[in-house]
Amino acid sequence: MATLTTGVVLLRWQLLSAVLMFMASTLNIQFRKSDYIGLAVISSGLGMAAACWFATGLLGITLVDVAIIWNNIKDVMVEISSHAPPEWPMVLT
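Below you will find a few notes about this structure.

Overview of the packing of aromatic side chains
Here is step 1 of the chain: According to the stated counting rule, one finds one aromatic pair in the structure shown.
Here is step 2 of the chain: Ring plane angle 80° and centroid distance 6.5 Å describe the contact between Phe31 and Tyr36, whose orientation is recorded as edge-to-face.
Here is step 3 of the chain: Residue classification places Tyr36 among the partly exposed positions, given a relative accessible area of 48%.

Given below as structure tokens:
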């Protein structure tokens, strides 16, 4: 019993995101059956957000890691664009 309780406590965010993914999927199916396309798209977006949250939680990626990765991508893009020719991007008319 203690093992089960410890597992639930340690995986609480992953369990919550898995439940959110299931609910979004169920809502998406119901909305598509009822021809509520807009609500189906919204529930799909929520399901994708829950899936990303689930994956980052399992991989141990935090918001600090995301900020560091984003800054690295920005630095690389600035470095790449600094080596571009001065007439780039060229507009063809």
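Quick notes on unusual backbone geometry
Here is step 1 of the chain: Although it is not a glycine, Asp35 adopts a positive phi angle of roughly 60°.
Here is step 2 of the chain: Along the chain, Asp35 falls in the loop between helix 2 (12-33) and helix 3 (37-59).
Here is step 3 of the chain: A relative accessible area of 63% places Asp35 in the exposed class.

Overview of helix 2
Here is step 1 of the chain: Taking 1.5 Å as the rise per residue, helix 2 with 22 residues should run 32 Å; its terminal C-alpha atoms sit 32 Å apart, in good agreement.
Here is step 2 of the chain: Every buried residue belonging to helix 2 is among Gln14, Ser17, Ala24 and Asn28, and all of these are buried. In a view along the axis of helix 2, the buried residues occupy a sector of 80°, so they form one face of it. Those residues of helix 2 that are exposed and aimed more than 90 degrees away from the buried face are Phe22 and Lys33.
Here is step 3 of the chain: Downstream of helix 2 by one or two residues, Asp35 has phi in the positive range, about 60°.

With respect to a nonpolar patch on the surface
Here is step 1 of the chain: Judged by side-chain polarity, Trp13, Leu16, Val19, Leu20, Phe22, Met23 and Trp53 come together as a nonpolar surface patch covering roughly 700 Å² of accessible area.
Here is step 2 of the chain: At six residues, the largest contribution of residues to the nonpolar patch is made by helix 2.
Here is step 3 of the chain: Note on placement: Phe22 falls in helix 2.

Overview of the side chain of Asn28
Here is step 1 of the chain: If you trace the backbone, Asn28 turns up in helix 2.
Here is step 2 of the chain: Residues within four places of Asn28 in sequence aside, it is in contact with Ala40, Ser43 and Ser44.

Concerning the packing of helix 2 against helix 3
Here is step 1 of the chain: Running from N to C, helix 2 and helix 3 cross one another at 160°; their axes reach a closest spacing of 8 Å. Here helix 2 lies roughly antiparallel to helix 3, going by the angle between them. Crossing hand, helix 2 versus helix 3: left-handed. Every residue of helix 3 that contacts helix 2 at Trp13, Gln14, Leu16, Ser17, Ala18, Leu20, Met21, Ala24, Leu27, Asn28, Phe31 and Arg32 is listed here: Leu39, Ala40, Ser43, Ser44, Leu46, Gly47, Ala50, Ala51, Trp53, Phe54, Gly57 and Leu58.

The rules behind these values
- Residues numbered from 1 in each chain as written.
- Predicted model: local features only at pLDDT ≥ 70, side-chain atom pairs only at ≥ 80, totals over all residues.
- Heavy atoms only, no water.
- Phe/Tyr/Trp six-rings, centres within 6.5 Å; stacked < 30°, edge-to-face > 60°.
- Buried < 20%, exposed > 50% of the residue type's maximum accessible area, 1.4 Å probe, protein only.
- Helix = DSSP H or I, 4+ residues; strand = E, 2+ residues; numbered from the N terminus.
- Expected span 1.5 Å × (residues − 1).
- Arc of directions from axis to C-beta.
- Patch = residues over 30% accessible without salt bridge, like charges linked within 9 Å, V, L, I, M, F, W, Y side chains within 5 Å.
- Areas by Shrake-Rupley, 256 points an atom, 1.4 Å probe, with all protein chains shown as cover.
- Salt bridge = Lys/Arg side-chain N within 4 Å of Asp/Glu carboxyl O.
- Contact = heavy atoms within 4.5 Å.
- Axes fitted to C-alpha atoms, helices over the stretch in contact; angles between N-to-C directions.
- Parallel < 35°, antiparallel > 145°, perpendicular 65-115°, else oblique.
- Left-handed = near helix turned anticlockwise from the far one by under 90°.

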